[in-house]
Amino acid sequence: MKPLNEMKLSFPSKSANEAFARTAVAAFVAALDPTVDELTDIKTAVSEAVTNAIVHGYRESIQTIYITAAIYPDNRVVIRIRDKGCGIEDIQKAMEPLYTTSPEGERAGLGFAVMQSLCDKVKVTSRPGKGTTVTLTRTLAGRNG
Amino acid sequence: MKPLNEMKLSFPSKSANEAFARTAVAAFVAALDPTVDELTDIKTAVSEAVTNAIVHGYRESIQTIYITAAIYPDNRVVIRIRDKGCGIEDIQKAMEPLYTTSPEGERAGLGFAVMQSLCDKVKVTSRPGKGTTVTLTRTLAGRNG
Amino acid sequence: MSVRIYLAEDILTAYLSGELDHHVVRTIREEIDEAAERAHPAVLVLDFRDVTFMDSSGIGLVMGRYALMQELGGELKIENLPNHIKKVMRLAGLERLANMETGGVRK
Amino acid sequence: MSVRIYLAEDILTAYLSGELDHHVVRTIREEIDEAAERAHPAVLVLDFRDVTFMDSSGIGLVMGRYALMQELGGELKIENLPNHIKKVMRLAGLERLANMETGGVRK
Ligand SMILES: Nc1ncnc2c1ncn2[C@@H]1O[C@H](COP(=O)(O)OP(=O)(O)O)[C@@H](O)[C@H]1O
Ligand SMILES: Nc1ncnc2c1ncn2[C@@H]1O[C@H](COP(=O)(O)OP(=O)(O)O)[C@@H](O)[C@H]1O
């Protein structure tokens, strides 16, 4: 299916850009007239993935984060968050609730759990040393749903 | 001077994306803690330039609009809006208040006038057949200014 | 963005709300013009009270309705301009239509 | 984002406001911990009334303060969770700490 609308965004992996990234994605999705809850869910999931790219992918060094978002005719929103950072050795383990490699940073190990709860689908592809791509899919019921 | 922060954004030249583009730029600039007036000025100027790319640059065909925004240490915000559309033959004439090539579309011919009023600097580069780049510069006084 | 249009006696009032840009101006223009052409009002009022954002597309909207009301032999009034919109109208060189801000543009 | 911290008797209350993400949690954490380590309160209250956004970084903040209060021999209470934040706490698998939602997490 061809998207009705799509956008690409890139920015440095500074933690100040977490708010920018989720707000920009929300502004893009706003055209679908989502409910406040739907918009909050999407912002939260994007915030998790962007924070992971900053904290884990790039380990707080300043490099570039890439986001694409697309809206499909069936009200499906697909958001891809990509880093060219350290990558993930064992994706299944990484996605387990409470698993974290940064307890000292007070990460709760719940980022993926939150994404999975708030999205219909979370796909993670990663290559150690090459980077990680998280693809979030959420179909909006919208105001008539 | 090296920017403190910068972002790149691209999206199709659909008029529904006018709102998305100005909101995304505003979200990026928000980190500088601008006043409501400063934020409104920036949103308005970006909206003018994006609308011009859609209406004039691409003449309502759907192609890609590119935006970059950068924040400098002196609180300067530089926003570049670029299209690969028809370009402008006579930039000076195009920038004259009330000059428009689309009166039938009820364009007022005041887009550049508004940009110039709301920004410290408006730079336009264009090549007929190649496209147009509008660079908006605005220094924020912010809440202490 | 939306527009609600009311006719009372020979005054047609269009209450605009939301963000007024090139994207939404197209449909709003059609709705207003259709109502005006049907009602032939003595006065068309554009009420900006609930407009949260406006760029020069809004100026085009005003100028176009001004032309239409001239054609229809009526009058255009602009009401309740929020400050950020006054600024665009003024900055855009519309000082000569400054009486807008106090309520009316007369032919 | 900001945090205002008040000590009344032996209750230390941190009123959080704004968007609670990884970026702001760092400084907030330091402010709360400094106050708690100075005051050694019987109860630390985190008040979420004015938090407009929260991701799992906020859960890390809660869990970390819970550990700190255990260490200091005190208690942590979570108050005034807006619905969207309850959702993150709950969805993140924190049902077992569900008594948060009614006011307190006891040691
Ligand atoms: N973009 C990424 N790059 C590298 N590792 C990642 C990335 N995202 C997640 N991880 C790994 O997966 C683990 C679990 O992530 P998550 O569930 O979000 O919890 P948390 O961020 O709290 O650690 C992280 O601790 C990290 O080891
Ligand atoms: N991106 C662009 N590509 C091609 N032509 C442009 C572009 N931007 C502006 N122009 C030209 O400059 C003229 C004046 O622009 P402007 O002051 O914004 O007024 P308006 O958009 O109301 O016509 C336009 O009518 C058009 O001919």
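Refer to the structure above for everything that follows.
Residue positions are counted from 1 within each chain, in the order its sequence is given. Each chain takes a letter, starting from A, and each ligand takes a number, starting from 1, following the order in which they are written. Totals for whole chains, interfaces and linings use every residue, but because this is a predicted model, local features are given only for residues with pLDDT of at least 70 and side-chain atom pairs only at 80 or more, for both listing and counting. Heavy atoms from the whole structure form the basis of all side-chain values; hydrogens and water molecules are not counted.

Draft legend 1. Inspection of the pattern of salt bridges at higher detail. Salt bridge, as used here: a side-chain nitrogen of Lys or Arg that lies within 4 Å of a carboxyl oxygen of Asp or Glu. For the structure shown, the criterion picks out 22 salt bridges over all chains. The residue Arg-22 of chain A makes a salt bridge to Asp-21 of chain D at a minimum N-O spacing of 2.8 Å. Placement of Arg-22 of chain A in helix α1 (residues 17-29) and of Asp-21 of chain D in the loop between β2 (11-20) and α1 (22-39) is noted, with the two residues assigned to different chains. The class of Arg-22 of chain A is buried, set by a relative accessible area of 1%. Put simply, Asp-33 of chain C and Arg-65 of chain C hold a salt bridge, and the shortest N to O gap is 3.0 Å. Of this pair, Asp-33 of chain C sits in helix α1 (residues 22-39) while Arg-65 of chain C sits in helix α2 (residues 56-71), placing them 32 residues apart in sequence. Classification of Asp-33 of chain C by relative accessible area gives buried; the value is 16%. Arg-65 of chain C gets classed as buried once you look at its relative accessible area, which sits at 1%. Through salt bridges that share partners, Glu-106 of chain A together with Arg-29, Asp-33 and Arg-65 of chain D make up one connected network. Working definition: helices are DSSP H or I runs of at least four residues, strands are E runs of at least two. Numbering for both runs from the N terminus. For every residue, the accessible area obtained with a 1.4 Å probe (protein chains only) is divided by the maximum for its type, and the residue is called buried under 20%, exposed over 50%, and partly exposed between those limits.

Draft legend 2. Looking closely at the site of ligand 2. Residue and element names in this part refer to chain B. Surrounding ligand 2, one finds 19 residues, the nearest of these being Asn-52, His-56, Thr-100, Thr-101 and Gly-109. One of the side-chain N or O atoms of His-56 is found 2.8 Å from an oxygen atom in ligand 2. In short, Shrake-Rupley with a 1.4 Å probe defines the accessible areas, and a residue's cover is counted only from the protein chains shown. Burial of ligand 2 by the surrounding chains reaches 96%, relative to a free accessible area of 530 Å². Listing elements by their share of the shell around ligand 2, those giving two or more residues are α2 (36-57) and α4 (111-118). With four residues, the top contributor of residues to the shell around ligand 2 is α2. Here the term charged refers only to Asp, Glu, Lys and Arg, the term nonpolar to Ala, Val, Leu, Ile, Met, Phe, Trp, Tyr, Cys and Pro, and the term polar to all other amino acids, Gly among them. By residue class, the composition of the shell around ligand 2 is eight nonpolar, nine polar and two charged. By convention in these notes, a residue is near a molecule or strand provided one of its non-hydrogen atoms lies within 4 Å of it. Pairs of N or O atoms within 3.5 Å make up the polar contacts considered here, provided that, within protein, one atom can donate a hydrogen while the other can accept it, and that residues adjacent in sequence are counted only when both atoms are side-chain atoms.

Draft legend 3. Spotlight on the interface of chain A and chain B. Working rule for contacts: check all heavy atoms of both residues, and any pair within 4.5 Å makes them a contact. Tallying the contact residues gives 16 residues for chain A and 16 residues for chain B. Contact between chain A and chain B buries roughly 1300 Å² in total, counting both sides, with carbon and sulfur atoms accounting for 59%. At the junction of chain A with chain B, the criterion picks out zero salt bridges. At the boundary of chain A and chain B, one finds six residue pairs in polar contact (both at pLDDT 80 or more). Sort the elements by how many residues they give to the side of chain A that touches chain B and strand β1 (residues 5-12) of chain A lands first, with eight residues. In terms of residue class, the side of chain A that touches chain B is made up of nine nonpolar, four polar and three charged. Pairing between strands requires that DSSP locate at least two bridges from one strand to the other. Pairing of β1 of chain A with strand β1 (residues 5-12) of chain B, which is carried by three bridges, proceeds in the antiparallel orientation. The term buried area refers to how much accessible surface (probe radius 1.4 Å) is lost by two components on association, counted for both of them together.

Draft legend 4. A look at the interface of chain A and chain D. Counting residues at the interface gives 25 residues for chain A, matched by 23 residues for chain D. Between chain A and chain D, the buried area comes to about 1900 Å², and carbon and sulfur atoms account for 50% of it. A per-residue breakdown of the area chain A buries against chain D is headed by Arg-22, Glu-106 and Leu-110 of chain A, which together make up 28% of the total. Counting every contact that joins chain A to chain D gives six salt bridges. Note that Arg-26 of chain D and Glu-60 of chain A form a salt bridge whose closest N and O atoms lie 3.3 Å from each other.

Draft legend 5. A look at the packing of α2 of chain B against α4 of chain B. All names here are of chain B. Simply put, an axis is a line fit to the C-alpha atoms, just over the touching stretch for a helix, and the angle between two N-to-C directions goes from 0 to 180 degrees. Remark: α2 packs on α4, axes separated minimally by 9 Å, with the N-to-C direction vectors making an angle of 150°. Accordingly, the angle class assigned to the pair α2 and α4 is roughly antiparallel. Here the hand of the crossing between α2 and α4 comes out left-handed. Counted together, Asp-41, Thr-44, Ala-45, Glu-48, Ala-49 and Asn-52 of α2 and Gly-111, Phe-112, Val-114, Met-115 and Leu-118 of α4 form the full contact between these two elements. Looking at the contact of α2 with α4, its residues break down into six nonpolar, three polar and two charged. Each angle is binned into one of four classes, with values under 35 degrees roughly parallel, values over 145 roughly antiparallel, values of 65 to 115 roughly perpendicular, and all other values oblique. The hand of a helix crossing depends on one turn: near helix anticlockwise from the far one by less than a right angle means left-handed, and clockwise means right-handed.

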